[in-house]
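Here is how the chains run, residue by residue.
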Amino acid sequence: MSSAMNNVYKVTSKNILAWTFLLSVLLITLQSKSINAPYFFFHTSLTAPDTLPRPNKNNSIQRIREIFKEDSIRKSDLRKNVSTKRADTNIVVQKVDTIDLKISKDSLDSPMDYVAEDSMVLDVPGKTITLYGKTKVHYKNNDLSAPTIQLDQETGNISAALKRDSTGKVIAFPTFKQDELTTISDSIKFNTRTGKGITKSSYTQQGEIFVNAEAIKKISADVFFAERARFTTCDYDTPHFAFVSNKMKFINNKWAYSGPVHPEFEGVPIPIYFPFGIYPLTQGRHSGFLAPQFTTNQQKGLGLEGLGYYKILGPYWDIVWRSSIYSYGGWSMNINPRYMKRYHYSGNVTFDIQHFNYNFKGDPDFLKNRSYFLTWSHSQDSKARPGTNFSANVNAGSSSYNQNVPNNPQINFNNQLQSSIAYSKTWKDKNLTITANHSQNTQTKVVDIHFPDVGFNLNTIYPFRPKDAVGTLKWYENIGIGYNGSATSLFSFYDTMPHIFKHIVDTLKYGAHHSLPISLSLPQIGAFQVSPSVSYDETWYQSKTFKTWDNTKQKLDTTITKGLYTARQMSFSLGASTRIIGMFTARNKDAKIQAVRHEIRPTLSINYTPNMNSRNYYDVQTDTFHTRQTYSVFEGNIFGAYGHTRFGGLSYGIDNNLQMKVRNKKDTGENALKKVTLIDGLSISGNYNFLADSFQLSIISLSMRSTLFDKLNITAGANLDPYDVDKYGKVVKTLLWKRKPLSFGRFLGGNLALSTAFQGGNKGTGTKKVESRVQNPSQYGYSGDEYQNEMGYIKSNPGEFADFNIPWSVNFSYALNFTRSFVDSTVGFKNFLTHSVTFGGSLSLTPKWQIALNGSYNISTKQLGYLSLSLSREMHCWQMSINIAPVGTFKFYSIYISPKSGLLRDLKINRTRSFSTF
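A brief report on the enclosed structure follows.

Concerning the pairing of strand β27 (residues 388-397)
Thought 1: Summarising the sheet, strand β26 (residues 367-380) and β27 pair through six bridges and their orientation is antiparallel. The partner of Leu374 across the bridge, within β27, is Ala396.
Thought 2: Summarising the sheet, β27 and strand β28 (residues 416-426) pair through six bridges and their orientation is antiparallel. Within β28, the position partnered with Asn389 by the bridge is Ser424.

Put into structure tokens, the structure is as follows:
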């Protein structure tokens, strides 16, 4: 063996078994003597003054035997000393280790775990260990993996380098991880004592930021410096864009600071320099300014929109403040406090003020407008307080607010606002609800507010049933009594009216309604379910109205008397229902249609309602032709008046369901048969009054609903009058069937709605099947109007939300309303038809380009409601969209380019212009 090999001994597979045996025995021996075996071995092996001799198996075994022998002699002597002093209980015997080992100053202060798939080389004079192959080293909170790792015991440095193949291509990089910092570099040097290190040609990630630097120097667990760094949100090795700075300082997951910085695209520097940069890296919420965007509007001029500030008020609260200013003197402000406590509640409040000047002062079209809008949404977790719930969905404001929201046709055309605040409390057999409701028409400017509305319901109780019933119940023990009560108030006003509160007092209406249903649950009789019931209703009214004819002034006078008045009504019914199922089964097992199932659900009930309110009605002359009409004294109250006629007759209804099973010839497994619903429901309903002297038959109602092949939604309805009319359009007692035997009745009106949506296969999942996109609206955590506003913005700006994994998509809906009304004796009856369509779709022109179209068209008026086009470009880490609305009352276009990363969302290029014609 050469002298070089005397100094360096290479561990190979030939002697690894001998070394394993000797090391195991020696470590067990040293541990029994309370000696730190790893430190002892490392100290004696790397600090020995002599060269490392080749181990002799016989000498080693003989030495181990001598150690065990000496140890047994010492233990024997110790037992003798203890036995002689056992009588003295005050003497404390202390066991002293017989080996005094001094630890080297340059030894490690914590165990170091390592793995080397190839080999390990120990250089004793140089005090180094070198690991080859796929190596891993774990020391404290530091993890290093590399093709080659070297440890210098004297300096405490650990170094690693990359590995290349025979062609010079890099096949493995060293990776260093400390806490939340991970670095991939060409070379890494780390000191185990100071925790400092330096890397060359390094790559690391801080949140959404990827950092490439020629050198990174780590000075502590949280702070490191980067030299000639490029930072970006693009995850490519050669990023599409980056910001370049010669010097940067990073505080792990908190902040990054840089000196002069400039951007570059595709490696080309852009001569735009900033003197310094401050970049937040904190994950989660943090306060800060919100960057604005520039826009142009025909009515408002040049604008700076969205300038604001985000402030964290506490662990459950934050607030967003935004403002906009325009060159024509207009401005707007938005204040949005938000709150959320997980598993308890969440909500947000938004208050908007708009103050716009249209055109310049002195122009004949100059106009000032100030409007307000308030939204509040609140939801409570059902587990927070079981049995109690509070929710809010408030959308209220000035009638002119929606018209002034720029670049959002969905909001511009919305003229209905609704709000609801509700509190409910549920007990075992009863519940209480308190609500406040608001509705507003922005065209008529009428605001209706219901506050408060109180409802109390008592679940059905069985007063004749024993508390602990045993066996079969007697028929009278199934008699149940319930209670439903409600009280409400209403006031209305115009939002432009002065002295609103005085008007509220003058127009306030209130009332209450009580209902006591009495039911009897009977066992099923054959194929029929029979259910008798009795109902008692009582209503409290606020006022009585009397109309009288003034012969002197030839007009109808109205007198209102306020107070508390009541009216009552009772009804009796006996209902029966059943199900009739018909089945057709194909004889041929290989037939396409295997079975057809038709289910009929008829219902029939006998009803009787006595006339208990005839005294609350009166006849009065209404014009100079001595025309007389019947009015109720409770006309104009919140709750309607009861009828003044008796009813005793039959109420009927028939509902149908049609399904079939079809065989897929391409599938022979369990899914070969598929159920297809042809008609979800086809119903007809009406009633016949035996006690009426005329017009015994009621209007017949028809309805149909279906989802054909899970792709096409169809809903339809119609009303038919069985009685004929004269030439003046007045209904006569003659049935239409006498004149037209094959007619079902006189058509009064109907509606039809169709909707469907399709999309191509998802490139991301590889699905090639064309899928339906019939959607079920949901709130996704938004309030009703917030959801509509978000959907409106998405429809107006589809380019910003393009999904390039979907090659194409189509959605279509059609709505038709038909009424037939009498105009006059010369024209007779005239049909009024209104129908419109809404449509949309997207098409991927290439894997990176997509075009989309959305619009609506009123077929009746032959007018285009709105039309928006969008063009989107997928740029990996950037996105670009062009949105255009070229026709309609509200026209606009926008060009939007920005990074996809939320961290750089304010770094965008946006050009927007909007126009409106009223």
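On we go from here.
Quick look at the pattern of salt bridges
Thought 1: Tallied over the entire structure, the rule returns 17 salt bridges.
Thought 2: Of the charged contacts, one joins Glu214 and Arg228 as a salt bridge, the two residues approaching to 2.5 Å between their closest N and O atoms. Of the two residues, Glu214 is situated in strand β13 (residues 209-218) and Arg228 in strand β14 (residues 223-232); the sequence distance between them amounts to 14 residues.
Thought 3: Note on Glu214: relative accessible area 41%, which makes it partly exposed.
Thought 4: Of the charged contacts in the structure, one is a salt bridge between Glu635 and Lys547, with a shortest N-O distance of 3.4 Å. Separated by 88 residues along the polypeptide, Glu635 in the loop between β38 (628-632) and β39 (647-663) and Lys547 in strand β33 (residues 529-550) bring together distant segments of the chain.
Thought 5: Salt bridges sharing common partners tie together Arg579, Arg597, Glu599, Arg601, Asp655 and Arg705.

Things to note about the pairing of strand β31 (residues 479-494)
Thought 1: The sheet contact formed by strand β30 (residues 446-461) and β31 spans eleven bridges and is antiparallel. From the neighbouring strand, Val447 faces β31, where its bridge partner is Phe493.

Some points on the nonpolar core
Nonpolar side chains tend toward joint burial in soluble globular proteins.
Thought 1: Ala226, Phe231, Phe241, Met248 and Phe250 are the most contacted members of the largest nonpolar core, which has 21 residues in total.
Thought 2: Only β13, β14 and β15 (241-251) provide two or more residues apiece to this core.
Thought 3: Ignoring anything within four residues of it in the chain, the contact list for Phe241 reads Thr232, Thr233, Cys234, Glu264, Phe265, Cys877, Trp878 and Leu904.
Thought 4: If you look at the next biggest cluster of nonpolar residues, it comprises 15 residues, including Ile129, Leu131, Ile158 and Ile188.

Digging into a nonpolar patch on the surface
Thought 1: A cluster of nonpolar residues, Phe572, Tyr608, Tyr688, Phe690 and Leu691, forms a patch on the protein surface that exposes about 450 Å² of accessible area.
Thought 2: Looking at the element boundaries, Leu691 is found in the loop between β40 (673-689) and β41 (700-708).
Thought 3: What makes Leu691 partly exposed here is its relative accessible area of 35%.

What about the packing of aromatic side chains?
Thought 1: Inspection of every chain in the model, using the stated rule, returns 26 aromatic pairs.
Thought 2: Look at Tyr541 and Phe634: their rings are 4.0 Å apart centre to centre, the planes differ by 10°, and that puts the pair in the stacked class. With Tyr541 in strand β33 and Phe634 in the loop between β38 and β39, this pair connects stretches of sequence that are 93 residues apart. Per residue, the accessibility class of Tyr541 equals that of Phe634, and both read buried.
Thought 3: Aromatic side chains Tyr688 and Phe690 sit 5.0 Å apart centroid to centroid with 70° between the ring planes, which places their arrangement in the edge-to-face category.
Thought 4: Here Tyr688 falls in the partly exposed class, since its relative accessible area comes to 31%.
Thought 5: For Phe690, a relative accessible area of 52% translates into the label exposed.
Thought 6: Connected via pairs of aromatic rings, a cluster forms that spans Phe231, Phe241, Phe243, Phe265, Tyr279 and Trp878.
Thought 7: Arg465 extends its terminal NZ or CZ atom over the ring of Tyr462, reaching a point 4.0 Å from the ring centre.

Thresholds, definitions, all that
Residues numbered from 1 in each chain as written. Predicted model: local features only at pLDDT ≥ 70, side-chain atom pairs only at ≥ 80, totals over all residues. Heavy atoms only, no water. Pairing = 2+ DSSP bridges. Helix = DSSP H or I, 4+ residues; strand = E, 2+ residues; numbered from the N terminus. Salt bridge = Lys/Arg side-chain N within 4 Å of Asp/Glu carboxyl O. Buried < 20%, exposed > 50% of the residue type's maximum accessible area, 1.4 Å probe, protein only. Core = buried A, V, L, I, M, F, W, Y, C linked by side-chain atoms within 4.5 Å. Contact = heavy atoms within 4.5 Å. Patch = residues over 30% accessible without salt bridge, like charges linked within 9 Å, V, L, I, M, F, W, Y side chains within 5 Å. Areas by Shrake-Rupley, 256 points an atom, 1.4 Å probe, with all protein chains shown as cover. Phe/Tyr/Trp six-rings, centres within 6.5 Å; stacked < 30°, edge-to-face > 60°. Lys NZ or Arg CZ within 6 Å of the ring centre and 35° of its normal.

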